[in-house]
Amino acid sequence: MAAKRILSGIQPTGTLHLGNYLGAIRNWVDLQQDYDSYLFMADLHAITVPHDPKTLATSTLQVAATYIACGIDPERSTIFVQSHVSAHAELAWLLNCITPLNWLERMIQFKEKGIKQGENVSIGLLDYPVLQAADILLYEPDFVPVGEDQKQHLELTRDIASRLNFQFGSEKKPVLKVPEPMIKAAGARVMSLTDGTKKMSKSDPSEFSRIDLLDPPEVITKKIKRCKSDPIKGLAFDDPERPECNNLLGLYQIFSGQTKDAVAAECADMGWGQFKPRLAEATVEALRPIQTKYHEIMADPATLTGVLLQGEQRAAAVANATLTRVKDALGYAPAFH
Ligand code: TYM
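*Asks:* Could you give an account of the packing of aromatic side chains, naming the residues involved and the relevant values?
*Replies:* Throughout the structure, instances matching the rule amount to seven aromatic pairs. Measuring from ring centre to ring centre gives 6.0 Å for Tyr35 and Phe143, while their planes differ by 85°; the resulting arrangement is edge-to-face. Of this pair, Tyr35 sits in the loop between helix 1 (18-31) and strand 2 (36-41) while Phe143 sits in strand 4 (residues 143-145), placing them 108 residues apart in sequence. Measuring from centroid to centroid gives 5.9 Å for Trp272 and Phe275, while their planes differ by 75°, and the two rings are edge-to-face. Separated by three residues within a single helix, Trp272 and Phe275 lie in helix 11 (residues 272-298), roughly one turn from each other. Take Trp272 and Phe275: they sit in the same class, and that class is buried. Put simply, the rings of Tyr38, Phe40, Phe80 and Tyr139 touch in pairs and so form one group of aromatic residues.

*Asks:* I'd like a description of the site of the ligand, backed by residues and values.
*Replies:* Around the ligand sit 29 residues, and of these Tyr128, Asp135, Gly147, Asp149 and Val190 come closest. The side chain of Tyr128 places a nitrogen or oxygen atom 2.5 Å from an oxygen atom of the ligand. The separation between an oxygen atom of the ligand and a polar side-chain atom of Lys202 is 3.1 Å. The protein chains hide 97% of the 700 Å² of surface that the ligand would expose on its own. Mapped by element, the contributors of at least two residues to the shell around the ligand are strand 1 (5-10), helix 1 and helix 6 (123-137). Here the shell around the ligand is built from residues that sort into 12 nonpolar, 12 polar and five charged.

*Asks:* If you had to explain the layout of surface pockets to someone new, which residues and values would you point to?
*Replies:* In this model, the second largest pocket occupies a volume close to 350 Å³. Considering the residues around the second largest pocket, the lining is formed by 19 residues, among which Ala185, Gly187, Arg189, Asn246 and Gly250 are closest to the centre. Take the lining of the second largest pocket: its biggest share by element is seven residues, from helix 9 (residues 243-256). Grouping the constituent residues of the lining of the second largest pocket by class yields 10 nonpolar, six polar and three charged.

*Asks:* Before we move on, could you go through the environment of Leu249 and cite the residues and values that matter?
*Replies:* With respect to the element layout, Leu249 can be found in helix 9. Overall, Leu249 belongs to the buried group, its relative accessible area being 1%. For Leu249 and Leu279, which are 30 residues apart along the polypeptide, the C-alpha to C-alpha distance reads 8.3 Å. Those residues in contact with Leu249, other than ones at most four positions away along the chain, are Leu235, Ala236, Phe237, Val263, Cys267 and Phe275.

*Asks:* Describe the nonpolar core, naming the residues involved and giving the relevant values.
*Replies:* Core analysis: the largest hydrophobic core is formed by 53 residues, its most contacted members being Ile25, Tyr67 and Phe275. At 10 residues, helix 11 tops the list of elements feeding residues into this core. Apart from the residues lying within four places of it in its own chain, the contact partners of Tyr67 are Gly9, Ile10, Ile25, Trp28, Leu39, Phe40, Met41, Ile72 and Ile79. Leu126, Val144, Val146 and Ala315 belong to the second largest nonpolar core, which has 41 residues in total.

*Asks:* Provide a residue-level description of the side chain of Lys223, including the pertinent values.
*Replies:* Turning to its location among the elements, Lys223 is positioned in helix 8 (residues 217-226). A relative accessible area of 2% places Lys223 in the buried class. Apart from residues lying up to four places away in sequence, Lys223 is in contact with Leu193, Glu207, Phe208, Arg210, Ile211, Asp212 and Asp215.

*Asks:* I'd like a description of the pairing of strand 1, backed by residues and values.
*Replies:* Within strand 1, five of the six residues are buried, leaving the element largely enclosed by the surrounding structure. Where strand 1 lies against strand 2, six bridges are found, and the strand directions are parallel. Residue pairing for strand 2: Arg5 is matched across the bridge by Asp36.

*Asks:* Outline the environment of Ala264, listing residues and values.
*Replies:* Residue placement: Ala264 occurs in helix 10 (residues 260-267). It is 6.2 Å that separates the C-alpha atoms of Ala264 and Ala236, two residues lying 28 residues apart in sequence.

*Asks:* So what's going on with helix 11? Residues and values would help.
*Replies:* In this model helix 11 runs 37 Å from its N-terminal to its C-terminal C-alpha over 27 residues, within 8% of the 39 Å that 1.5 Å per residue would give. Taken as a whole, helix 11 carries its principal kink of about 35° at Arg288; the proline Pro289 stands between one and four residues after it.

*Asks:* Give me the pattern of salt bridges: which residues, what numbers.
*Replies:* Tallying each qualifying case throughout the model produces 14 salt bridges. Residue Lys223 is joined to Asp215 by a salt bridge in which the shortest nitrogen-to-oxygen separation is 2.7 Å. Pair check on accessibility: Lys223 and Asp215 agree, each one buried. A salt bridge links Arg278 to Glu266; the shortest N-O distance between them is 2.7 Å.

So, how was this worked out
Residues numbered from 1 in each chain as written. Predicted model: local features only at pLDDT ≥ 70, side-chain atom pairs only at ≥ 80, totals over all residues. Heavy atoms only, no water. Phe/Tyr/Trp six-rings, centres within 6.5 Å; stacked < 30°, edge-to-face > 60°. Helix = DSSP H or I, 4+ residues; strand = E, 2+ residues; numbered from the N terminus. Buried < 20%, exposed > 50% of the residue type's maximum accessible area, 1.4 Å probe, protein only. Near = heavy atom within 4 Å. Polar contact = N/O pair within 3.5 Å; in protein donor to acceptor, adjacent residues only side chain to side chain. Areas by Shrake-Rupley, 256 points an atom, 1.4 Å probe, with all protein chains shown as cover. Nonpolar A, V, L, I, M, F, W, Y, C, P; charged D, E, K, R; others polar. 1 Å grid on protein atoms, 1.4 Å probe; cavity = no way out; pocket = protein on both sides within 12 Å on 5 of 7 lines; lining within 4 Å. Points joined across faces, edges and corners; volume = space filled by probe spheres on them. Contact = heavy atoms within 4.5 Å. Core = buried A, V, L, I, M, F, W, Y, C linked by side-chain atoms within 4.5 Å. Pairing = 2+ DSSP bridges. Expected span 1.5 Å × (residues − 1). Bend = angle between axes of the 7 residues up to and from the residue. Salt bridge = Lys/Arg side-chain N within 4 Å of Asp/Glu carboxyl O.

Listed below in structure tokens is the structure:
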């Protein structure tokens, strides 16, 4: 039996942070052992908000290098650049024409990001989840491993696939496979260091709200030292009045490799002055090997572009087959060659 498949991606806008690592990449590293894995840099998504053309290409390569540095193995997983496989944009158009507008107006991310941009908000930002649906459906994955914030987009993807199947397929012969989200509890929602009720995000204007995977040790230590805490002595998980405490203990649990009970016992009588240096040290040590490997990969651009070329070829073969099937179902004239 063929291995089950996963697919996921990250936007190459700025350096990746702990949320991207713990909510997504770290899980992919484990999953690639058992799943046929398609992992890409969502550079078409990256221009849905104003972007700098001078940095887009470099950011895309940096995200690819980060995947590999975190443990994604290019021999096991297909790593590719979204814009290199034109089927993504093409299927997005076909899906646009079967997706009701009001499904998109409901999307939380559109509302949040759209408010920030006022009248300059682009159609691309509204349409972003349809492109995401195309990204996913082209590869017929069984599961899409993401952080909690992507749940609504995955539900929309399922709705779009089901609608297309209903309109153009039959129960016995669906056109598109309807995928399942895969959201692992630990790390699914890493919160901002300056406000424990908001998720850690690349678009937060404050650098101190997040830890980037490439932050040097002294920066990590400084960010943790300055991060928001509370005046209570004794640290505990799951107190709704203490969102920062829960978030920081969660990070410590992951980076120190301990169980929740062990961390709860270790920190029960601790104050912040004692806890923060421990968290900083655990974080620095967990990121150290990733950073070393990242710099090695970036020093050898030919190998990296080789990986992406191979990835593009493997990805395009799968994506084009799905695109052709959808076009057939929609009644397009086959290409005359
Ligand atoms: P993006 O680039 O915002 O985030 C990439 C991944 O990181 C996860 N993530 C988090 N997880 C936990 N805590 C956080 N604070 C946190 N912040 C981000 C996200 O859930 C995601 O898994 N639309 C997507 C990119 C995309 C995609 C796709 C994903 C485009 N096409 C197809 C899956 C399948 C996005 O903007 O992710």
